Each structure stands twice: as C-alpha cells, then as structure tokens.
Amino acid sequence: MVLLNVKNVRLNYITTRGIVKALDNVSFSLDEGETIAIVGETGSGKSTLAKVITRSWEENARVIGGEVIFEGVNILGLSEEEFRRSYRWVKIAMVPQGSMNSLNPVLRVVDQMIEPLLLRGIPRIDAIKIAGDALESVGLSKDVLTKYPHQLSGGMKQRVIIAMAIQSRPKLVVLDEPTSALDVMTQANIMNLLKRLRSKFKLSYIFITHDLALASELADKVLVLYAGKVAEFGSADVIYSEPKHPYTQGLMSSVPTLREDKKLSFIPGEVPSLINPPSGCRFHPRCPFAMDICRREEPPLVTLENGHVVACWLYVKG
Ligand SMILES: Nc1ncnc2c1ncn2[C@@H]1O[C@H](COP(=O)(O)OP(=O)(O)OP(=O)(O)O)[C@@H](O)[C@H]1O
C-alpha cells in the first residue's frame, strides 16, 4: 500500500541574491513499512524535501508546485490547523538535523516531551505516561524524564528526540542526518535502535544522509538528488549494485567498503548555485560522459525496470 506519494514538487527560496530553485519537479513514492534513503551532496535539496513533507519550511520558502499525498490526502492543500491537529507529530514525525542540540537547556525532558501531547488535549498525567513509555522503548529509563539536557550524553539526547518522534505512534518518521553528530559506536547503536523501532511499530522512514554506507543499512529504496532534481530512484539493491546515473556512480565509488580493496574516487567540482543552475542537465559540467544534448536540454526521467528511474540522456533511446 502506498503511504506517501510526492508528485512534481517545486520549491523556491526567495533571497536578496535571487531565487534559489531548491527543488524542481521532485517525485517519488513510499509504501507502508518501507524506508527510503535520500542521498546527495550538501546543497542537493535533501533537507528542503524533508521540510516539504513535514510542512516545516522557512518563511522565505515558496512551494510553487506539486503535491504531497499522504494516505490519499494532499497535505499541502490542508490548512495549518488541520495539518497540526491530525498530521504533525500524530502521523508524520520529524527528527530534524541537529535536533539533539535543540533541546531547551532550561526545561526538564518531561516538559519538552509532553508539550506536543498537551497541545493535542491529552491530559497531563496521560501525557507523562506516554512520554515515559516512549523513553523505555528507546532504551532509556523513565528517570530521564526528570533530567535536564546537560545531564545527558549526546547519544541519550538523540534517543530522547527519537522518543519524542515516536511517542504518538506516527506512521512516518522523517530523520534528517540523525547520527551525524555522534561518534561511531553511538551511531551504530542509534542505527540498531531505529531498526528495532521500525519493526516494533511498523514505521516507515525517510532517512536523509550524505553517507551512502549508512543509508545502505536501513534503506529499501534510494532517492538520489542532485542540485534540487531527482537524478535516480529505485530499490536500494539495484542502486547499490548497478547505479546508472553518472552522479550515482560517482557517489558509489567514493564510498569505502570493508570487503573490497577498491580505489576510492571523488566527483570533481561542486554542486552548482541553484540561483542560476547550469543549462540542460544540471550535472553536465561535472559529468565524465557529457554530450552536446546534455548541455542544451534537461534529461527526461527514463524508466528502466521495476520502477527504477534515471534522469540521464545516456538512457534515452532513439
Ligand atoms: N532558508 C533558505 N534560504 C535560502 N536558501 C536556502 C535556504 N535553505 C536552504 N537553501 C539553499 O537551498 C539549497 C538546498 O539546501 P538543503 O539544505 O535542502 O540541501 P541539503 O542537501 O539538505 O544539504 P545539507 O546536506 O548540507 O543539509 C542549497 O543551495 C541551500 O543553500
């Protein structure tokens, strides 16, 4: 069953330097219980896409097209009040980038955790019970409720944030770089926790990362974004074993593996300015296979087999 269908989303940021075309016709879908990893270099639009799905974009953002259909409802068409009442934290939760550092230092964990529950009219006593149970399901003791953030380690703070995200039993959790500020051991523990929670509560995840090795641990599907556009989308198995887009191929060959002794490469150049993106395919200035048409015309999304799509002229027949 399809849970989320993102269709042709376009978003601009209005800045004093010009209009940043941060998302351009981005589409993908996610089934119930599935995890999708959104990958790409810094500035490719990953966080912006997360903000569209959770309706938490900044004031200077303008969604200029597209739909985000969650359980059959276009959530971009709802009023803020409807979204807040029935979706935010209820069905769709988010662990924003750097959120463990956004815990309020002067409030005890309990007060931060129950706030969204109280806002929904849940009585205080029930809210405290829900928060305590959520802490236990992320491997923390209920005692953490009475602590202040500075009394917790980084890994514990991240667990509190994850507990807040799952305490209302959402269907979808959007995780933006949930382990990036943690050491390697803590990172591994959090990844294991996310796997356990996914099967226990039948969650779907959108997992945003620039770390492809990390993405491979969790993802059923992978969406590769480049400069605000979909470069490639498909099942994780296929994207990891047979990446088609030259950008995805470049990303893959820059990932170290323990099993193979392969030579690491990197993609020369950097993600272009999205105020004045390159003509044609936005990747052409960095692409080793760029042809004339790539400089002139945007590539269409070519469907290969089993829902695998790639936006590249190399795969356009005829
Ligand atoms: N509020 C904003 N105002 C103007 N431009 C913005 C704003 N937020 C993001 N951008 C720009 O939009 C583009 C996409 O940014 P975004 O943060 O979505 O990328 P990202 O792939 O998540 O990067 P990172 O991995 O660094 O988080 C970038 O060019 C960025 O500079």
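Computed from a prediction, not measured in an experiment: that's the story for all the values here. (Residues numbered from 1 in each chain as written. Predicted model: local features only at pLDDT ≥ 70, side-chain atom pairs only at ≥ 80, totals over all residues.)

J.: Honestly, helix α1 (residues 46–53) in this entry has me stumped. Any pointers?
T.: Since the α-helix turns once every 3.6 residues, residues separated by three or four places project in the same direction. α1 sits mainly inside the fold: seven of its eight residues count as buried. Two residues or fewer past α1, arginine 55 is found with a positive phi of approximately 45°. (Buried ≥ 20, exposed ≤ 12 C-beta atoms within 10 Å, placed from the backbone. Helix = DSSP H or I, 4+ residues; strand = E, 2+ residues; numbered from the N terminus.)

J.: In this structure, what is going on with the environment of threonine 54? I would like to understand it.
T.: With respect to the secondary-structure elements, threonine 54 resides in the loop between α1 and β4 (61–70). Placed 57 residues apart in sequence, threonine 54 and aspartate 111 show a C-alpha to C-alpha distance of 23 Å. The residues contacting threonine 54, other than those within four sequence positions of it, are Ile92, Met94 and Val174. (Contact = placed C-beta atoms within 7 Å.)

J.: Whenever I open this one, the UniProt feature "domain: ABC transporter" (unreviewed entry) in the chain confuses me. Can you help?
T.: Under the local residue numbering, the UniProt record ascribes the feature "domain: ABC transporter" (unreviewed entry) to residues 4–252. Within the segment residues 4–252, helix and strand shares are 37% and 29% respectively, and the terminal C-alpha atoms sit 27 Å apart. (UniProt positions renumbered as here; feature names shortened; annotations may be inferred.)

J.: Just checking my understanding: could you explain the packing of helix α3 (residues 109–119) against helix α4 (residues 124–137) for this structure?
T.: Packed helices, taken two at a time, are described by their axes: the angle between them and the distance between them. Interhelical geometry of α3 versus α4 gives an angle of 120° and a closest axis separation of 9 Å. Between α3 and α4, the angle falls in the class oblique. The element α3 and its partner α4 pack so that their crossing is right-handed. Seen from α3, the contacting residues are Val110, Met113, Ile114, Leu117 and Leu118; seen from α4, they are Arg124, Ala127, Ile128, Ile130 and Ala131. For the contact of α3 with α4, the per-class residue count stands at nine nonpolar, no polar and one charged. (Axes fitted to C-alpha atoms, helices over the stretch in contact; angles between N-to-C directions. Parallel < 35°, antiparallel > 145°, perpendicular 65-115°, else oblique. Left-handed = near helix turned anticlockwise from the far one by under 90°. Nonpolar A, V, L, I, M, F, W, Y, C, P; charged D, E, K, R; others polar.)

J.: How do you make sense of the site of the ligand when you look at a structure like this?
T.: Taken together, 16 residues sit near the ligand, with Tyr13, Thr42, Lys46, Ser47 and Thr48 positioned nearest. Looking at the shell around the ligand, the elements with two or more residues in it are β1 (2–15), β2 (18–31) and α1. A total of three residues in the shell around the ligand trace back to one element, the largest contributor, which is α1. Of the residues contributing to the shell around the ligand, the split by class is four nonpolar, 10 polar and two charged. (Near = placed C-beta within 6 Å.)

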